[in-house]
Amino acid sequence: MKEKITGAEALMRSLEAEGVDVLFGYPGGAIMPTYDALYDHRTTLHHILVRHEQGAAHAAQGYARVSGRVGVAIATSGPGAMNTITGIADAMIDSTPLVVICGQVGAAMLGTDAFQEVDVISVTQPISKWAFQIRKAEDVAWAVSRAFYIARSGRPGPVVLDFTKNAQTGMVDYEPARVDYIRSYKPVPVPTDDVIRQAAELINQSQRPLVLVGQGVELGNAREELCRFIEKANMPAGCTMLGLSALPSGHRLNMGMLGMHGNLAPNVMTNRCDLIIAVGMRFDDRVTGNLDTYARQAKVIHFDIDPSEINKNVRADVAVVGDCKQTLVRVTELLAEQKHTEWVDGFKPYRQEEEQKVILPAIQPSEGPLLMGEIVRRVSEATHDSAIMVTDVGQNQLFGCRYFRFSQGRSIVTSGGCGTMGFGLPAAIGATFGAPERTVCLFVGDGGLQMTIQELGTIMEQGAPVKIILLNNNFLGNVRQWQYMFFNKRYSFTPMLNPDYEGICRSYGIPSRTVTERAELDEAIRQMLDTPGPFLLQCGVKEEDNVLPMTPPGANVDEMLMEIK
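Positions within a chain are numbered from 1, following the residues in the order the chain's sequence is written. Predicted model: local features are reported for residues with pLDDT of at least 70 only, side-chain atom pairs are reported and counted for 80 or more only, and whole-chain, interface and lining totals are derived from all residues. Side-chain metrics rest on all non-hydrogen atoms present in the structure, leaving aside hydrogens and water.

On to the overall build of the chain. Helix and strand counts for the chain come out as 24 helices and 20 strands. For this measure, only C-alpha atoms enter the radius of gyration; the expected value for a globule follows 2.2 Å times N^0.38, where N is the number of residues. Rg of the C-alpha trace for the chain: 24 Å, near the compact-globule value of 24 Å for 565 residues, within the 12% margin. Principal axes of the C-alpha set define a box for the chain whose edges measure 70 × 65 × 40 Å. The 565 residues of the chain split such that 62% are buried. Only DSSP runs of H or I with at least four residues qualify as helices, and only runs of E with at least two residues qualify as strands; both kinds are numbered from the N terminus onward. Relative accessibility decides the category of a residue: with a 1.4 Å probe and only protein chains considered, values under 20% of the type maximum give buried, values over 50% give exposed, and everything between is partly exposed.

Encoded structure:
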């Protein structure tokens, strides 16, 4: 005999059936029946009370990115739902699996401009994989199962469930649902043998191949398959920002980060290779620079699970559409073992040039104020390159990605495509719940920290062991750099008047320390890492430090500035 329960209770049981154990949310009127049901499931569904709904979405992103599971955020209707929008959009462009559950007014009141009513479905459809309004309790189990299936399958992404109040309170004869098939939705295409053969033949014929490693390798759990692929044919590789931990930083074929603030060698060699092999990346404009001159001399093989990415920005000669964990293996089996010695050695002069002109001055300065690059590298070394690096957006993100080193997968959490300031602090909180056994280090600027600084309250309540490294330059640093370079040093509203961050931390019961002297840095980092629970290390850094190299906007990918005059 089926059990008759409320729609809200059906939601709880459906979440448990999907293996959910952590939720990030904030209660309110239209979602209150759900929170009442959650009260009886506190031992199985650990709810993290954030201080703002945007924090719930970003925390769920951080959780998903490091765990590989679907992150869940809950908010009420109207303003609560709207506060999750930035996180939903961010998750969509960065392929992060989320299920966002929003309260909504009763179905009978839809379209009446009722209190806290917003048309959530119309707002979120363009920025989600699926948005569905649950109007009756009978649809809860099916909708939840379908939501999780869509969020995690194929190219992951966010799903929105708009949960009307009557559907939460209505009664239903509950029966678990399991959705694992949707007509017309083919999440994992399978390439033909002919396509696999064509890809292998192009690689075997290539004299100067270059592999571009994207986050799709991480999402497909294909790190080992990637290594075997590049090692068999001895192919050098560059990584996108979100793909940085997909290939160990110390791997002999890892030539560094691609893109506007990436490393010199892979960017220069992009326009000298004869074959581009893109794996799980989307040819973002920050990676390609001027598309009219991007790798015009090279043929292109594009591995991707999402057919819509093929030929979107860069035309592919061979498109291998499918799960890279499977397709890489199939192509690798057909590869001839090669050396490409001269080609691989050709990267060395550019790596040495960047080392002397940019990297060593950034991480081993002899005098002057603390630099962001040296702080990032010292933290990485102190954690034996095994920590999860979370960043906000701006110079903290760029220095973090350039100088942190990675030895494990799923170790970078940053807002790539959307570039969301305020992402870092809540995402780091989520990461501590997604990978509680690992050290989570957040690099954040004074601008980004203040955008979601209220989440220090979540850290206080949960004891979330986030190690916060505040790189304080009293500026909106990345905007200031562009003003310096392209707007005649007119610093229009980028200087920041900052509060007493240590005082704020004291009020939240979070240990903190400020360091401005190089001689104190190592000991301060050790104190941060040795202190149980959260810690904020504020580093007073050079105000007008600039991230280099840099490909100016609109320039060719290989036209990188090594200095700013």
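Now that the structure is up, let's keep going.
Residues of helix α14 (residues 324-333) that are buried include every one of Cys324, Thr327, Leu328, Val331 and Thr332, and no others. Here the buried residues of α14 occupy an arc of 135° about the axis, which is enough to place them on one side. Whether two residues touch is decided by their heavy atoms; if any such pair falls within 4.5 Å, the residues are in contact. Elements in contact with the buried residues of α14: α9 (193-205), α10 (216-219), α11 (223-232), β12 (275-279), β13 (299-304) and β14 (318-321). Measuring from the backbone nitrogen of Lys325 back to the side-chain oxygen at the start of α14 gives 3.0 Å, which picks out Asp323 as the cap. The arc under discussion is defined with respect to the helix axis, by the directions toward the C-beta atoms. N or O atoms closer than or at 3.5 Å make up a polar contact, with two conditions inside protein: a donor-capable atom paired with an acceptor-capable one, and, for residues adjacent in sequence, both atoms drawn from side chains.

Two aromatic rings, drawn from Phe, Tyr or Trp (for Trp, its six-membered ring), form a pair once their centres lie within 6.5 Å of each other, and the interplanar angle then sorts them: stacked below 30 degrees, edge-to-face above 60, tilted otherwise. Counted according to the given criterion, the structure contains 14 aromatic pairs. Ring centres 6.1 Å apart and planes at 75° place the aromatic pair Phe24 and Phe433 in the edge-to-face group. A residue pair is termed long-range when its members are at least 10 positions apart, and Phe24 in strand β2 (residues 22-25) and Phe433 in helix α19 (residues 424-434) qualify at 409 residues. Pair check on accessibility: Phe24 and Phe433 agree, each one buried. Where Phe475 meets Tyr491, the ring centres are 5.5 Å apart and the plane angle is 75°; that geometry is what we call edge-to-face. Separated by 16 residues along the polypeptide, Phe475 in the loop between β18 (466-472) and α22 (477-486) and Tyr491 in the loop between α22 and α23 (501-508) bring together distant segments of the chain. The class for Phe475 is buried, based on a relative accessible area of 9%. For a ring to carry a charge above it, either NZ of a lysine or CZ of an arginine must fall within 6 Å of the ring centroid while also lying within 35 degrees of the normal to the ring plane. One Lys or Arg, Arg480, reaches over the ring of Phe475 and ends 5.9 Å from the middle of that ring.

A word on the environment of Tyr350. Tracing the backbone through its elements, the reader meets Tyr350 in helix α16 (residues 348-363). When its relative accessible area of 18% is taken as the criterion, Tyr350 is described as buried. With 328 residues separating them along the chain, Tyr350 and Val22 place their C-alpha atoms 46 Å apart. Residues contacting Tyr350, with those up to four places away along its chain left out, are Leu264, Ala265, Val268, Met269 and Arg272.

On to the side chain of Arg410, then. Assignment of secondary structure puts Arg410 in the loop between α18 (395-403) and β16 (412-413). The side chain of Arg410 is buried and forms no salt bridge, while Glu218, the nearest opposite charge, is found at 5.4 Å. In terms of polar contacts, Arg410 uses its side chain to reach the backbone carbonyl oxygen of Arg65, at 3.1 Å. In contact with Arg410, not counting residues within four places along its chain, are Ala64, Arg65, Val66, Ser67, Gly68, Glu218, Leu219, Asn221, Ser245, Ile388 and Arg438. In this tally, Lys and Arg are treated as positive and Asp and Glu as negative; His is ignored, and so are the chain termini. A carboxyl oxygen of Asp or Glu within 4 Å of a side-chain nitrogen of Lys or Arg is what we treat as a salt bridge.

On to α11, then. Within α11, burial applies to Glu225, Leu226, Cys227, Phe229 and Ile230. Turning to α11, the residues buried within the fold contact α9, β9 (209-213), α10, β12, β13 and α14. Trailing α11 by a residue or two, Asn234 shows a phi angle of about 50°, which is positive.

Below, the discussion takes up the sheet that holds strand β7 (residues 158-164). Should DSSP find at least two bridges between two strands, the strands are taken to pair. Strand order in this open sheet of 6 strands is β3-β2-β4-β5-β7-β6, and the pairing throughout is parallel. Unpaired on one side and paired on the other, β3 (46-49) and β6 (130-134) mark the two borders of the sheet. In this sheet, neighbouring strand axes are inclined to one another by 20° on average, regardless of whether the strands run parallel or antiparallel. Inspection of the sheet shows strand β5 (residues 98-104) paired to β7 by 7 bridges, in the parallel sense. The residue bridging Val100 from the neighbouring strand is Val160, located in β7. Fitted lines through C-alpha atoms serve as axes, helices being fitted only where they are in contact, and the angles separating the N-to-C directions of these axes extend from 0 to 180 degrees.

This paragraph deals with the packing of helix α1 (residues 7-17) against helix α7 (residues 140-152). Contact geometry for α1 and α7: axes closest at 9 Å, N-to-C directions at 35°. Crossing of α1 over α7 shows right-handed handedness. Facing α1, whose interface residues are Gly7, Ala10, Leu11, Ser14 and Leu15, α7 presents Val140, Ala141, Val144 and Phe148. Take the far helix as your reference; a near helix turned counterclockwise from it by less than a right angle gives a left-handed crossing, and one turned clockwise gives a right-handed crossing.

Below, the discussion takes up the pattern of salt bridges. For the structure shown, the criterion picks out 27 salt bridges. Residues Glu309 and Lys312 are paired through a salt bridge, measuring 3.0 Å at the closest nitrogen-oxygen approach. Overall, the relative accessible area of 44% leaves Lys312 in the partly exposed class. Here Arg378 makes a salt bridge to Asp522, at a shortest N to O gap of 2.9 Å. Note that Arg378 is positioned in helix α17 (residues 372-382) and Asp522 in helix α24 (residues 518-530), a separation of 144 residues in sequence.

With that settled, consider unusual backbone geometry. A cis amide bond links Leu548 to the next residue, Pro549, at an omega of -5°. Its identity as a non-glycine residue notwithstanding, Asn488 has a phi of 55°, on the positive side. Relative to the helices and strands, Asn488 resides in the loop between α22 and α23.

This next bit is on the domain arrangement of the chain. These domain limits were set by an automatic method or by a database of domain assignments. Assigned domains of the chain: these are domain 1 (3-174), domain 2 (193-348) and domain 3 (369-540). Averaged C-alpha coordinates put domain 1 and domain 2 at centres separated by 37 Å. With 7 residues of domain 1 at the contact, the number on the domain 2 side is 7 residues. Buried area adds together the accessible area that both of two parts lose upon being put together, with accessible area traced by a 1.4 Å probe. Contact between domain 1 and domain 2 buries roughly 620 Å² in total, counting both sides, with carbon and sulfur atoms accounting for 54%. Contact with domain 2 buries area across many residues of domain 1, yet Arg65, Asp94 and Arg155 alone supply 63% of it, more than any other trio. The interface formed by domain 1 and domain 2 contains 2 salt bridges. Here Arg155 ties to Glu309 by a salt bridge, and the two come within 2.7 Å at their closest N and O atoms. Note on residue categories: nonpolar means Ala, Val, Leu, Ile, Met, Phe, Trp, Tyr, Cys or Pro, charged means Asp, Glu, Lys or Arg, and polar means any other residue, Gly included. Taken together, the residues of the side of domain 1 that touches domain 2 break down into 2 nonpolar, 2 polar and 3 charged.

Below, the discussion takes up the environment of Cys324. Summarising the element assignment, Cys324 is placed in helix α14. For the pair Cys324 and Ala524, spaced 200 residues apart in sequence, the C-alpha separation works out to 42 Å.

Definition of nonpolar core: a set of buried residues of the types Ala, Val, Leu, Ile, Met, Phe, Trp, Tyr and Cys, connected through side-chain atoms within 4.5 Å. Membership of the largest hydrophobic core comes to 101 residues, with the highest contact counts inside it found for Val211, Phe229, Ile276, Ile277 and Ile301. Take this core: its biggest share by element is 6 residues, from α9. Looking at which domains feed residues into this core, each of domain 2 (193-348) and domain 3 (369-540) supplies at least three. Residues in contact with Ile276, not counting those within four places in the same chain, are Leu210, Leu212, Thr270, Phe283, Tyr294, Ala295, Ala298, Lys299, Val300 and Ile301. Formed by 47 residues, the second largest nonpolar core is a distinct cluster that contains Ile48, Ala81, Ile388 and Ala435.

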